[in-house]
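Notes for the structure review
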Amino acid sequence: MTPRRLFAAALLLLAACRKPEPPPPPPVSILLVTLDTTRADAVTAEVAPAFNALARTARRFDYAYCAVPQTLPSHTSMLTGLYPGGHGLHENGRILSPKQPLLAEKLHAAGYRTAAFVSAFALARRFGLARGFDVYDDAVPEPRQERSARDTTDRALAFLGKTPEPAFLWVHYYEPHFPYEPPEPYRTRFAANPYLGEVAAMDEQLGRLVAAWKQRFGTNAAVIVAGDHGEGLGDHGEQQHGNLMYQSTMRVPLLVAGPGFSAGVEQTPISTRRIYDIALGWAHIAAPPATTEVVAAEAMKPFLDYGWQPQVMAVDGRMKAILAGRVEVYDVVADPKEAHDLGANASLSRAARATLREYPVPSLDAAASAEPPNVSDEERRKLAALGYVASTAKPVVRANAPRPADMTHLFAVEDEAAGLFVREQYAKAVPLLVRILREDPYNLDAALRLGTCYSMLGRDADAVSAYEKARSIAPQSQDVRQYLGLHYARGPQWQKAVPLLEGVVAEAPDRVAALEGLAAVREKQGRAADAVALRQRINALRTPSSAELVHLGELAMRAGNTAAAIDAFEKANSDHELELGVLYLAAGRYDDARNALDKVPPAHPGYPMALFKRAQVAVLLREPDAPARIEAARAHASPLTRELIARERLFR
Ligand SMILES: [Zn+2]
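So, here is what we can say about the structure in this document. By convention here, each chain's residues receive numbers from 1 onward along its written sequence. Predicted model: local features are reported for residues with pLDDT of at least 70 only, side-chain atom pairs are reported and counted for 80 or more only, and whole-chain, interface and lining totals are derived from all residues. Only hydrogens and water are removed before side-chain values are computed, so all heavy atoms of the structure are retained for them.

Each α-helix turn comprises 3.6 residues. Residues three or four places apart therefore point the same way. Only protein chains enter the accessibility calculation, which uses a 1.4 Å probe; a residue is then buried when its area is under 20% of its type maximum, exposed when over 50%, and partly exposed in between. Secondary structure elements are defined from DSSP: runs of H or I of at least 4 residues count as helices, runs of E of at least 2 residues count as strands, and each element is numbered from the N terminus. Most of helix H10 (residues 275-282) is tucked away: 7 of the 8 residues are buried. For H10, the set of buried residues is Ile275, Tyr276, Asp277, Ile278, Ala279, Leu280 and Trp282. In this analysis, two residues are considered to be in contact whenever any of their non-hydrogen atoms come within 4.5 Å of each other. Those residues of H10 that are buried are in contact with strand E1 (29-35), helix H3 (71-80), helix H5 (103-109), strand E7 (221-227) and strand E9 (254-257). Of the residues flanking the end of H10, it is His284, one or two places downstream, whose phi is positive at about 60°.

As structure tokens, then:
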């Protein structure tokens, strides 16, 4: 025996002597409930009895922090285990990289049945979190683009009733998000504080869901309840969330009930990104996370949209630091309202300082690659209607950029201007945007919006000067060139749009808005074949409407592209039998032509043409009634078809 074999044999012997290990417990079913816009201090016993009932059997984290105070990136951190600096998604309206592994994918691969029920467009399938879910229910009704907790719970319970074990169920509730309009009886009970009324209405549904979950899976079931971010409610000058990093928006409720988490209260800070690791631990896929670490977070929206200072947070124990141009330090246990900035000299740990220093601020290139190439104008409007302005502006890093905390006087103006803009009330938005630019002259978002307002109002010279202002702020920006190009494409100077839009499309071949502008310009140039190719690219990036398909079909007919025209009309989903009949005939598909033309009704304005084409098909197919069909075409001829019939050789 070689030494190596001897060693192996010894190991085998050793293994045989040991007692057989007990089999690992079966993987538990996991329920993740996320509470949108819920402050940690909102879930009191009076407002949230269901939350507090669950808390009695769970580990309750008093200092849980979201990774970013915005819905989509915060949930992305919970479902990837990474801060936005790691997964690359910093704002709503962007799309997660398809390469980024997700919790549901891992659980699904481990044999879990997976389902998600979300309540807002901000988490719609298209943004990239649906991967790994057998069911991803994001059907949110118009026009609010949100679904009530009651409806979402009904759907989740229907799924629960028939799912096998183990299951991973993610349910997202949206109630507390602005506007605050709780249903009765909460509207009356919380008339003085409708925000809390929304939290209470949501909590009632949380109670229903958790009770059904426990009934379905009994003891072999784990539950996590987490806020995705809080709400300013006026603290530090912020009404909603996303612009600042104080406790009102960063500190969230977090309950963990399951193996390894005894009931009680935990004071150690934790990031909600750790939900990913906790769930993988329960599924025996990965070891549970370390319990103590410096918790980081970011809030980059003001940086990415307005060019203000990037913001990073680090929490070590009771000390919390915010870096935004300069460092603020707070003892959040002694000073939960963060009223006393201890300043840069405070006893902040080395690890916390390193976290602030090393946290990756999104670079120009990274932000560009995270752009949503195929969010259409319509979807951007939907997002903005929720209070989310997903601009595609690239960040512009400048030395003396303002700190977001010093710009709170503009938050409300920004929100109001954005709201008017998406409701297309351009004349009302103009004075607000002018005011923003006067007080914040390097605000690219405001300059682009102002240019677009003027453009839509037909104020051509003002539009060009606003876009030129935007260009001076961000000379390299694709957005500036795209918006200016789209402005020119709408008006009499459309030739000026050509080089601008060509340049953008060459750099970013998937930008739908730029492709649409260029396609319109190509039509005006009489380049129908090029316009067809561009529209086909657009349709591959997003689902076209029936009207858009008909337009493409007509364009393709004009370009003599029979195959593209047939494809468009077949998908158009409406009555285009005459066009299809003509096209099938041109393509030599006589049987298809006959079937299509037979469906054209006598009331159709093109009925004489249909009869003429049908007679041609009858001759080509050698149908016995061809002579009768030629006669019918003659009898019902229009001036145009009479001439065509007279010249038709097939009829001789
Ligand atoms: Zn949210």
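Bringing the packing of helix H22 (residues 528-541) against helix H23 (residues 546-558) into the picture now. To define axes, lines are fitted to C-alpha atoms, for helices over the stretch in contact only, and angles between the resulting N-to-C directions are given on a 0 to 180 degree scale. Between H22 and H23, the shortest axis-to-axis distance is 9 Å and the interhelical angle comes to 150°. Between H22 and H23, the angle falls in the class roughly antiparallel. Helix-helix and strand crossings are classified by hand; for H22 and H23 the assignment is left-handed. Contact with H22, carried on its side by Ala528, Ala531, Val532, Arg535, Gln536 and Asn539, involves Leu549, His551, Leu552, Leu555 and Ala556 of H23 and no other residues of that element. Each residue gets one of three labels, nonpolar for Ala, Val, Leu, Ile, Met, Phe, Trp, Tyr, Cys and Pro, charged for Asp, Glu, Lys and Arg, and polar for the others, Gly among them. The class makeup of the residues in the contact of H22 with H23 is 7 nonpolar, 3 polar and 1 charged. The labels follow the angle: roughly parallel below 35 degrees, roughly antiparallel above 145, roughly perpendicular from 65 to 115, and oblique for the rest. Crossings are sorted by hand: turned counterclockwise from the far helix by less than a right angle, the near helix makes the crossing left-handed, and turned clockwise it makes it right-handed.

Here we take up the coordination of the zinc ion. Because water is not among the atoms used, a metal site may look incomplete, as its donors are only the N, O and S atoms within 2.8 Å, or 3.2 Å for Na, K and Ca. For the zinc ion, the full set of protein donor atoms is Asp36 (OD), Asp36 (OD), Thr71 (OG1), Asp228 (OD) and His229 (NE2), at a range of 2.0 to 2.7 Å. The sequence motif formed by the donor residues of the zinc ion is D-x34-T-x156-D-H. Here Asp36 is found in the loop between E1 and helix H2 (49-55), whereas its partner His229 is found in the loop between E7 and helix H9 (247-250), with 193 residues between them in sequence. The exposure class assigned to Asp36 is buried, which follows from its relative accessible area of 0%.

Once that is clear, we can look at the environment of Lys99. Its place among the elements puts Lys99 in the loop between helix H4 (84-87) and H5. Judged by relative accessible area, which is 75%, Lys99 ranks as exposed. In this structure, the C-alpha to C-alpha distance between Lys99 and Arg438, residues 339 residues apart in sequence, is 42 Å.

This part takes up the packing of helix H21 (residues 512-524) against H22. As a packed pair, H21 and H22 sit with axes 8 Å apart at the nearest point and diverge in direction by 160°. As the angle between them shows, H21 and H22 are arranged roughly antiparallel. The element H21 and its partner H22 pack so that their crossing is left-handed. On H22, the residues touching Val512, Leu515, Glu516, Leu518, Ala519, Ala520, Arg522 and Glu523 of H21 are Asp530, Ala531, Leu534, Arg535, Arg537, Ile538 and Leu541. Across the contact of H21 with H22, the residue classes tally to 9 nonpolar, no polar and 6 charged.

For the rest of this paragraph, the subject is the sheet that holds strand E11 (residues 270-271). Here we have 3 strands laid out as an open sheet, ordered E8-E3-E11, and mixed in their pairing. Edge positions in the sheet fall to strand E8 (251-252) and E11, since each has one partner strand and no second. As paired strands, strand E3 (residues 64-65) and E11 are joined by 2 bridges and run parallel to one another. Along E11, the bridge assignment pairs Tyr65 with Ser271. We treat two strands as partners when DSSP finds at least two bridges between them.

Another aspect to go through is the packing of aromatic side chains. Only the six-membered ring of Trp is used, alongside the rings of Phe and Tyr, when aromatic pairs are assigned; centres must lie within 6.5 Å, and planes under 30 degrees apart are stacked while those over 60 apart are edge-to-face, with the rest tilted. By the definition in use, this model includes 16 aromatic pairs. Taking the centre distance of 5.5 Å and the plane angle of 80° together, the rings of Phe121 and Phe127 count as edge-to-face. Taking the relative accessible area as the measure of exposure, Phe127 reaches 1% and is therefore buried. Aromatic pair Phe421 and Tyr426: ring centres 5.8 Å apart, planes at 80°, arrangement edge-to-face. Judged by relative accessible area, Tyr426 falls into the buried class, the value being 12%. Cluster of aromatic residues (ring-pair linked, three or more members): Phe133, Tyr136, Phe168 and Trp170. By definition here, charges over rings are those cases where NZ of Lys or CZ of Arg is within 6 Å of the ring centre and within 35 degrees of the ring normal. A cation sits over an aromatic face here: Arg273 above Tyr83, 4.1 Å from the ring centre.

Our focus in this paragraph is the pairing of strand E12 (residues 295-298). Of the two faces of E12, the one lined by Val295 and Ala297 and the one lined by Ala296 and Glu298 are each fully buried. Pairing of E12 with strand E13 (residues 312-316), which is carried by 4 bridges, proceeds in the antiparallel orientation. Looking at the pairing, Val295 lines up with Val315 of E13.

For the rest of this paragraph, the subject is the nonpolar core. Membership of the largest hydrophobic core comes to 127 residues, with the highest contact counts inside it found for Leu129, Tyr136, Phe168, Trp170 and Leu254. Contact partners of Phe168, with chain neighbours within four places excluded, come to Ile30, Leu32, Leu103, Ala104, Leu107, Tyr112, Arg113, Thr114, Ala115 and Phe133. Working definition of a nonpolar core: buried Ala, Val, Leu, Ile, Met, Phe, Trp, Tyr and Cys residues. They are joined through side-chain atoms within 4.5 Å. Among the nonpolar cores identified, the runner-up in size contains 40 residues, and Tyr173, Tyr195, Val223 and Leu255 belong to it.

Just geometry here; none of it tells us what the structure is for.
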